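Spelled out from the first residue to the last, the chains are:
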Amino acid sequence: MTIPPRPRRAALWCRLLAWLGLAVVMGMPTAPAPAAASDPVADRLIVVGTGGFTWAQVSQEATPALWELLAAGSSTTNSVRSVNPNTCPVDGWLSLSAGQRAAAPSADGAALRPTSAPCPAIPQPTDNGAITVPEWATYVAAAHSLRFDAEPGLLGTQLDTAGVSRAAIGPGAAIAAADTQGRVPAYAVVDWTSASQFEMRKAMGEARVVFVDVGSVRDPADLAAGEARPEADVAAQLAEISRRVGLVERARASDETLILAGLSDAGVGSRLRPIVVRGPDYGPGELYSPSTRQPGLAQSQDLTVTILRLVEAQVPAGMGGALLAPRNPGSTSAEAVAQRQVHLNDVDDASHEIHPLVPIFFYGLILAQLLIYLLTWRVWARERGSVAQRLRLVSIVRVVGVVAASVPAATFLANLIPWWRSAHPLPAIVGSVALFVALIAGAALLPPWGRTLMGPVAVVGGATMLVLAVDVMTGSRLQQSSLMGLQPVVGGRFYGMGNVTFSIFATASLMLAIALAHCANRRWGRGAALAAVLVIGLATVVIDGSPAWGADGGGPPAYLPGLAFFVLALLGIRMTVRRAAVIAAVTAGLFLLVGFLDSLRPAQDQSHLGRFFDTIGSGGALDIIIRKAQQNWGILISSPLTVLVPFGLFFVIFVLLRPTSWGSRSLHRSFERVPYLRPGLIAWLVVMTIGFFINDSGVAIPAVGATVAIPLIVAISSRTLVEEAAHGAN
């Protein structure tokens, strides 16, 4: 059917305007936060830095001072991830000073250190007429080379600008108190073996902000080769830190606020570390971070912002942290404290246990996908046996495809079960995933859906899309510490739609759109099919791109062109270079519009979309783009997921599209039976290709998307062969 040019343009522009309107709605600023007068303010602030232990190691008997802080203060866990996979004590102090990820260079001067390299020592400040931190220039040079927009000394300089006096006790504290030139206004050394609370009070002086380094736990069994082993074991080190914290706490006046911050890891391993704040505005209960949006989880950047906010100093634009605020007031009873500790332990344990399982899972996923490809090829190329035997094998292939496509959604649902509490986490999470795979695949394969060609595709695609949509709309709880979701110890993202999650979400929504369009077209015609695709596609964009939900900067620019192609194909409109350029321009404009509107919201409510828009004017956007491009390239040349892309393409071209022993091209015949399958799959390829280039997860996006799409294509093609054989027999 030929469509006149004018309606063709009108249809295109109407849809583009619809996208624009939806983007405006989803990007509109939310209601303003409560008045600033309600924010906590500290007359005096004592910041105690430590690290290397977890809340699970704190007890009333072994570490009484730390237990008292947990009981009387507002607590959370801290993602200490800095530049390198493990965060050394010097890195933690530098990140606190910069308010961004920063780290000391390795012994050979490289800005990035391998995990196996020993931690650099924290230097003692020198006094040559002015107190300065040695090696400061190397810290600054390393920070600038890493393109995290980190400026060591930012915290001290902002306090200077606000007229807030500061002092440091201990070498790590000197790094936090230094200005951008490495100068420290006041520095004291305390003999921890003999100091009294009165001597501690004297060392604090009259400064409004006092940084105190009480040391960090270093685990002798987890240190890199070449690093000096501490004489005391972990328990003895932690008991000493608790004693020092108790000394500082006794020196604190009741109207002063104390922040205890775990800033670093204990060795080459990484975990979440404690944060607790105690003071007039911080009683027993939880600490909440708007930057992570997760109960029981903060990040180190929050500490810098919190210090500045508590003393009413200016917070520079573009900082990734937020004010740590008290929430859900509790009591100091033994039962209440134990419950808080259990919750914090759950957050840390899930994060810790999932981290080593993720590589195992992805290697298993790659192997399983390759086995599916091999099984499908062998079954379809089979020339021996009766037709009935071949059809039974093809039916088995269909079941395998549906089961495989159900795995991604099941990995998120598995977090509904506290598998991390098991003494054997690996079999526990495998069992949890298997349970939900059985539920999803069973619903897809059993009547009534299992009897139809596209029913299983609709069920698996719809279930996957629903799980992820509900999750991001309710706080991304299932994504946290999941096999295919977000890892707090990595600290790349804490809420919204991650890159891998977007790939799964986008693939599921397009497969669902294909299935529903096919059904709607058969019942009500092409208009209903078009409506189904538009509703699902635009819902995907809104959920993924909304700063309040998915907050995904790279998702909508990848998804919208694919959706546009699908819609134009349904309308019978050929894609041209001009139309592609218009779609690209409108997509870029919508991305900037949403970022601009998000940047108008209060800083604590902004997502990274708004903060990225702010960096465009300051010049920091280029650093972000370059850093993400470097990450993309690193994943391309090192990730095992890279293997899936060429094998997936080979499988589609030489197995699904080539003649088989059945004398048919199974995928071509599926295209004939489901006319919307071909344009839908091309739309998926467009989304995955653009996502590959513009997101820092690179090849992981098409590779993970293929783990849903290709098994479902196999299921469709297998059912096509079975149904055609059955019709031929009749």
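Quantities reported herein were computed from a predicted structural model and do not represent experimental measurements. (Residues numbered from 1 in each chain as written. Predicted model: local features only at pLDDT ≥ 70, side-chain atom pairs only at ≥ 80, totals over all residues. Heavy atoms only, no water.)

### Considerations on the overall build of the protein chain
The line we're drawing: Put simply, DSSP H or I for four residues or longer makes a helix, DSSP E for two residues or longer makes a strand, and each gets a number counted from the N terminus. Only protein chains enter the accessibility calculation, which uses a 1.4 Å probe. A residue is then buried if its area is under 20% of the maximum for its type, exposed if over 50%, and partly exposed in between. Between two residues, a contact is recorded if the distance between any of their heavy atoms is within 4.5 Å.
Scanning the protein chain from terminus to terminus reveals 23 helices and 12 strands. Put simply, the protein chain has 730 residues, and 57% of those count as buried. For the protein chain, restricting intrachain contacts to residue pairs at least 6 apart in sequence, the fraction spanning at least 24 positions comes to 74%.

### Some words on helix H13 (residues 455–473)
Note the threshold: One fewer than the residue count of a helix, multiplied by 1.5 Å, yields its expected span.
Taking 1.5 Å of rise per residue, 19 residues should cover 27 Å, and H13 covers 26 Å from first to last C-alpha, within 8% of that figure. Taken across its 19 residues, H13 has 15 buried, putting it largely inside the fold. Residue Gly 475 follows H13 closely and has a positive phi angle near 115°.

### Examining the state of the cysteines
Going by this rule: Two cysteine sulfur atoms make up a disulfide if the distance between them is within 2.5 Å.
Inspection of every chain in the model, using the stated rule, returns 1 disulfide. For Cys 88, the disulfide goes to Cys 119, at an S-S distance of 1.9 Å. Across the S-S bond of Cys 88 and Cys 119 the torsion is about -80°, and the bridge reads as left-handed. In this pair, Cys 88 sits in the loop between strand S2 (74–79) and helix H3 (89–98) while Cys 119 sits in the loop between H3 and strand S3 (126–127), placing the two residues 31 residues apart along the sequence. Take Cys 119: its relative accessible area is 16%, and that puts it in the buried class.

### Topic: the environment of Val 234
Its location among the elements puts Val 234 in helix H8 (residues 234–251). Residue Val 234 is classed as partly exposed on the basis of its relative accessible area of 21%. Separated by 14 residues in sequence, Val 234 and Pro 220 place their C-alpha atoms 7.7 Å apart. The contacts of Val 234, once residues within four sequence positions are left out, are Gln 57, Val 217, Asp 219 and Pro 220.

### Side note on the confidence of the model for the protein chain
Note the threshold: Confidence scores per residue from the predictor, reported as pLDDT, run from 0 to 100.
Scored by pLDDT, the protein chain comes out at a mean of 86, with 83% of its residues at no less than 70. Across residues 1–37, confidence stays below pLDDT 50; counting only partners more than four residues off in sequence or on other chains, it has 51 contacts.

### Observations regarding the nonpolar core
Just so we agree on the cut-off: Joining through side-chain atoms within 4.5 Å is the link that ties buried Ala, Val, Leu, Ile, Met, Phe, Trp, Tyr and Cys residues into a set, and such a set is a nonpolar core.
Ranked by size, the top nonpolar core spans 104 residues in total, and within it Met 484 and Phe 566 carry the most contacts. Setting aside residues no more than four positions away along its own chain, Phe 566 makes contact with Leu 510, Ala 513, Ile 514, Val 533, Tyr 676, Pro 679, Gly 680 and Ala 683. Formed by 48 residues, the second largest nonpolar core is a distinct cluster that contains Ala 104, Val 133, Val 164 and Val 277.

### As for the environment of Ala 239
Examined against the element boundaries, Ala 239 turns out to sit in helix H8. Each C-alpha atom of the pair Ala 239 and Val 217 lies 9.8 Å from the other, and the pair is 22 residues apart in sequence.

### Considerations on the packing of aromatic side chains
Threshold: Pairing of aromatic rings covers Phe, Tyr and Trp, the last through its six-membered ring, and needs centres within 6.5 Å; plane angles under 30 degrees mean stacked, over 60 mean edge-to-face, and all others mean tilted. The rule is short: NZ of Lys or CZ of Arg within 6 Å of the ring centre and within 35 degrees of the ring normal puts a charge over the ring.
Going through the model one piece at a time under the given rule, you end up with 3 aromatic pairs. Between Phe 361 and Phe 362, the ring centres sit 5.4 Å apart and the planes meet at 75°, which makes this aromatic pair edge-to-face. You'll find Phe 361 and Phe 362 in the same group, each marked buried. Seen from their ring centres, Trp 419 and Trp 420 are 5.7 Å apart, and the 80° between their planes marks the pair as edge-to-face. A residue is classified by how much of its surface remains accessible, and Trp 420, at 15% relative accessible area, is buried. For the cation-ring pair, Arg 293 lies above Tyr 495, with the distance from its terminal atom to the ring centre recorded as 3.8 Å. In this arrangement the basic side chain of Arg 378 is found over the ring face of Trp 377, its NZ or CZ atom lying 5.2 Å from the centre.

### Details of the pattern of salt bridges
Using the following cut-off: Salt bridges are defined by distance alone: a side-chain nitrogen of Lys or Arg within 4 Å of a carboxyl oxygen of Asp or Glu.
Per the counting criterion, the structure on display carries 18 salt bridges. Measuring nitrogen to oxygen at the nearest pair gives 2.7 Å for the salt bridge that ties Arg 166 to Asp 160. When its relative accessible area of 5% is taken as the criterion, Arg 166 is described as buried.

### Considering unusual backbone geometry
Note on backbone geometry: most residues besides glycine have negative phi, and most peptide bonds are trans. In this model, Pro 447 is joined to Pro 448 through a cis peptide bond whose omega is 5°. Considering the arrangement of structural elements, one finds Pro 448 in the loop between helix H12 (425–445) and H13. Positive phi outside glycine occurs at Glu 312, with the angle close to 60°. With respect to the helices, strands and loops of the structure, Glu 312 is situated in the loop between helix H9 (300–310) and strand S12 (325–327).

### Here's the deal with the side chain of Arg 166
Which entries qualify depends on this criterion: Think of a polar contact as two N or O atoms within 3.5 Å of one another; within protein, one of them needs to be a possible hydrogen donor and the other a possible acceptor, and neighboring residues in sequence only count if both atoms come from side chains.
With respect to the helices and strands, the residue Arg 166 is situated in strand S5 (residues 166–169). A distance of 2.5 Å separates the side chain of Arg 166 from the backbone oxygen of Ala 177, its partner in a polar contact.

### A closer look at the side chain of Ser 291
Residue placement: Ser 291 occurs in the loop between strand S10 (285–288) and strand S11 (297–299). One polar contact links Ser 291 to Gln 299, side chain to side chain, over a distance of 3.0 Å. Looking at Ser 291, its side chain comes within polar contact range of the side chain of Asp 302, at 2.7 Å. When sequence neighbours within four positions are dropped, the list of residues in contact with Ser 291 reads Gln 299, Asp 302, Gly 320, Gly 321, Ala 322, Phe 494 and Tyr 495.

### Quick word on the pairing of strand S7 (residues 209–213)
Inclusion rule: Only when DSSP finds a minimum of two bridges between them are two strands counted as paired.
In terms of burial, S7 is a largely internal element, 5 of the 5 residues being buried. Direction of pairing for strand S1 (residues 45–50) relative to S7: parallel, over a ladder of 5 bridges. Opposite Leu 45, over in S7, you have Val 209 as the bridge partner. Relative to S7, S5 runs parallel, the two being bridged by 4 bridges.

### Details of the environment of Thr 76
Its place among the elements puts Thr 76 in strand S2. The spatial distance from the C-alpha of Thr 76 to the C-alpha of Ser 289 is 9.0 Å, given a sequence separation of 213 residues. Sequence-distant contacts of Thr 76, defined by excluding residues within four places in its chain, comprise Trp 55, Arg 273, Pro 274, Ile 275, Leu 287, Gly 296, Leu 297, Ala 298 and Leu 344. A polar contact is formed between the side chain of Thr 76 and the backbone oxygen of Gly 296, at a distance of 3.3 Å.

### Comments concerning the packing of H12 against H13
Threshold: All axes here are fitted lines through C-alpha atoms, helices being fitted over the stretch that makes contact, and every angle between N-to-C directions spans 0 to 180 degrees. Geometric relationships in this document are graded by angle, where less than 35 degrees denotes roughly parallel, more than 145 denotes roughly antiparallel, 65 to 115 denotes roughly perpendicular, and other angles denote oblique. Here a crossing is called left-handed whenever its near helix is offset anticlockwise from the far helix by less than a right angle, and right-handed whenever the offset is clockwise. In this count, Pro and Cys sit with the nonpolar residues alongside Ala, Val, Leu, Ile, Met, Phe, Trp and Tyr, while Asp, Glu, Lys and Arg are called charged and the others, Gly among them, polar.
It is the contact of H12 with H13, at a shortest axis distance of 8 Å, that shows an interaxial angle of 150°. Considered as vectors, H12 and H13 are oriented roughly antiparallel to each other. In this structure, H12 meets H13 at a crossing whose hand is right-handed. Judged by residue contacts, Ile 440, Ala 443 and Ala 444 of H12 engage Pro 456, Val 459, Val 460 and Ala 463 from H13. In terms of residue class, the contact of H12 with H13 is built from 7 nonpolar, no polar and no charged.

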